[in-house]
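Report on the structure
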Amino acid sequence: MKTALAASTLLSALLLLPAVAAEPPAYHLVQTIPLGAPDRWDYLTFDPASSRLYVSHGDRVTVVDGSTGSIIGSVEGMPGGTHGIAIANGKGYTDDGKAGAATVFDVKTLKPIRTVKAEDDADGIVYDPPSGHVIVIDGDSGKLTVIDPKDDSVVATIDAGGGLEFGVSGENGEFYVDGAEKNEVVRVDTKANTVTAHWALKDCLRPHGMAIDRSTHRLFVSCPNQLMVVLDADTGATVASLPIGSGTDFAVFDPVRHRAFSSNRDGTLSIVAEKSASSFEALPAVQTAFGARTMAVNPATGRLYLVTADYDTNPSIPETDPRHRYTVKPGTAKLLMFDPAQR
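**So, the nonpolar core**
- Grouped together as the largest cluster of nonpolar side chains are 46 residues, with contacts concentrated most on Tyr176, Val185, Leu219 and Leu304.
- With near-sequence residues (within four places) excluded, Tyr176 lies in contact with Phe166, Gly167, Val168, Gly170, Val185, Val186, Arg187, Trp199, Met210, Ile212, Leu219 and Ala233.
- Of all hydrophobic cores here, the second largest spans 15 residues; its members include Val64, Tyr305, Val307 and Leu335.

Shown next as structure tokens:
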């Protein structure tokens, strides 16, 4: 009897407690923009000067107004498929991966100007302000093709010693690139165009995404084995390792809100809060959409851009083989815009 009375009293007390609201997502979807065919996409680049978003989109680059979501136009003529995009000296740079070449285009007319020979599997493209050069990451070739935008000449080809993924400029004379083949980060002196360090990643398998906080000299490396590793950009020492979603292919850093992000194929957006140069916290993931594995950020507003499509599922293929289990529905590629929640 006493037990029943105690249980009843406890239940009554619990009912009188105020309800605790679930924590709202840190980011919310504000717009979905259909991109349509082709049914392939890769990297995105946001240009703060023009508020334009450049999306590698099959054999072209689709250009979108980053504020309104309206389609401005496209850069066409890369049948081998585009991957990276960079903007420098009033010109744009993308690639034809199969041709192993970079395509230079006019940002006003969106017309190709010329083709610059790179190496096989031309992939990511990054502008390095201190040197004034555009760096093409030739993934499978393990090379970096350095282009001078003044005359679009190749001024150097750097051997990084193994297959590569993405990279970032430190904007201090250093360039960092994922050494995916050897599970490392490769540091390059952009004045001498030479490799100055190979930093082994103990816990990271085949690094894919990379972002940087230039104020704290921290690199954020996203790894397909569901880790984000934070490195000291001066020494290569590991500062922290945090959990992320499955199927990462890109990372960005928001310098205003001090957050690093990993976009994941599993339809999650992983968020890491940088509390200080030595303190990091994994925040609750945001649900995006399956296949949204690459992204860009507008640092002024915090808006995030991701691309995916609608998929058909073959249940006979296990989830451990996503490349064959899921097939893009033709013509359904779409851009997703996520804004930070107003607190």
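**Comments concerning the environment of Val177**
- Along the chain, the position of Val177 falls in strand E15 (residues 174-179).
- Looking at Val177, the relative accessible area reads 0%, which means it is buried.
- Distance from Val177 to Leu219, taken between C-alpha atoms, is 10 Å for residues 42 residues apart in sequence.
- Apart from the residues within four sequence positions on either side, Val177 is in contact with Ile137, Leu164, Glu165, Phe166, Gly167, Glu184, Val185, Val186 and Met210.

**Concerning the pairing of strand E3 (residues 52-57)**
- A large share of E3 lies buried, amounting to 6 of its 6 residues.
- Pairing geometry for strand E2 (residues 44-47) and E3, over 4 bridges, is antiparallel. Residue Leu44 lies in a different strand from E3, and its bridge partner there is Val55.
- Hairpin remark: E2 followed by E3, antiparallel, with 4 residues in the connecting loop; positive phi at Ser51, about 55°.
- Bridge count for E3 against strand E4 (residues 60-65) is 6 bridges, and the pairing is antiparallel. Each residue of the ladder has a partner; that of Arg52, found in E4, is Asp65.
- A loop of 2 residues connects E3 with E4, the two strands running antiparallel in sequence, and Gly58 in this loop sits at a positive phi of about 65°.

**Regarding unusual backbone geometry**
- Cis geometry marks the peptide bond from Ala37 to Pro38; its omega dihedral reads 0°.
- Its location among the elements puts Pro38 in the loop between strand E1 (27-34) and E2.
- For His258, which is not glycine, the phi torsion reads 55° and is therefore positive.
- Within the element layout of this structure, His258 appears in the loop between strand E22 (248-254) and strand E23 (259-264).
- For His258, a relative accessible area of 35% translates into the label partly exposed.

**Examining the pairing of strand E7 (residues 91-96)**
- With respect to burial, E7 is a largely interior element, 6 of its 6 residues being buried.
- Side-chain alternation along E7 places Lys91, Tyr93 and Asp95 on one buried face and Gly92, Thr94 and Asp96 on a second face that is also buried.
- Direction of pairing for strand E6 (residues 86-88) relative to E7: antiparallel, over a ladder of 3 bridges. Across the sheet, Ala86 pairs through a bridge with Tyr93, a residue of E7.

**Some words on the pattern of salt bridges**
- Considering all chains together, one arrives at 14 salt bridges under this definition.
- The residue Asp152 makes a salt bridge to Lys91 at a minimum N-O spacing of 3.1 Å. Note that Asp152 is positioned in the loop between strand E12 (143-148) and strand E13 (153-159) and Lys91 in strand E7, a separation of 61 residues in sequence.
- For Lys275, the salt bridge is made with Glu281, and the minimal N-O distance between the two is 2.9 Å.
- Each of Asp42, Asp249 and Arg293 takes part in salt bridges that share partners, so that together they form one network.

**Details of the state of the cysteines**
- Following the criterion strictly, the structure yields 1 disulfide and no others.
- With a sulfur-sulfur separation of 2.0 Å, Cys204 is cross-linked through a disulfide to Cys223. The disulfide joining Cys204 to Cys223 has a torsion of about -110° about its S-S bond and is therefore left-handed. In this pair, Cys204 sits in the loop between strand E17 (194-200) and strand E18 (209-213) while Cys223 sits in strand E19 (residues 218-223), placing the two residues 19 residues apart along the sequence.
- Using a relative accessible area of 0% as the deciding quantity, one classes Cys204 as buried.
- Exposure remark for Cys223: the relative accessible area of 0% places this residue in the buried category.

**What about the sheet that holds E23?**
- Strand order across the open sheet formed by 4 strands is E22-E23-E24-E25, with antiparallel pairing between neighbours. At either end of the open sheet lies a strand with only one pairing partner, and these are E22 and strand E25 (279-287). Along the sheet, successive strands turn relative to each other by an average axial angle of 20°, direction set aside.
- Relative to E23, E22 runs antiparallel, the two being bridged by 6 bridges. By the bridge assignment, Phe250 is partnered in E23 with Ser263.

**Side note on the side chain of Asp128**
- Here Asp128 shows up in strand E10 (residues 122-128).
- It turns out Asp128 is buried and unbridged, and the closest side chain with the opposite charge, Arg214, is 7.7 Å from it.
- A polar atom in the side chain of Asp128 sits 2.6 Å from the side chain of Ser131.
- Among the polar contacts made by the side chain of Asp128, one reaches the side chain of Thr190 at a distance of 3.1 Å.
- Every residue in contact with Asp128, bar those within four places of it in the chain, is listed here: His133, Ile135, Ser169, Glu171, Glu174 and Thr190.

What counts, and at which threshold
- Residues numbered from 1 in each chain as written.
- Predicted model: local features only at pLDDT ≥ 70, side-chain atom pairs only at ≥ 80, totals over all residues.
- Heavy atoms only, no water.
- Core = buried A, V, L, I, M, F, W, Y, C linked by side-chain atoms within 4.5 Å.
- Buried < 20%, exposed > 50% of the residue type's maximum accessible area, 1.4 Å probe, protein only.
- Contact = heavy atoms within 4.5 Å.
- Helix = DSSP H or I, 4+ residues; strand = E, 2+ residues; numbered from the N terminus.
- Pairing = 2+ DSSP bridges.
- Salt bridge = Lys/Arg side-chain N within 4 Å of Asp/Glu carboxyl O.
- Disulfide = S-S within 2.5 Å.
- Axes fitted to C-alpha atoms, helices over the stretch in contact; angles between N-to-C directions.
- Lys, Arg positive; Asp, Glu negative; His and termini not counted.
- Polar contact = N/O pair within 3.5 Å; in protein donor to acceptor, adjacent residues only side chain to side chain.

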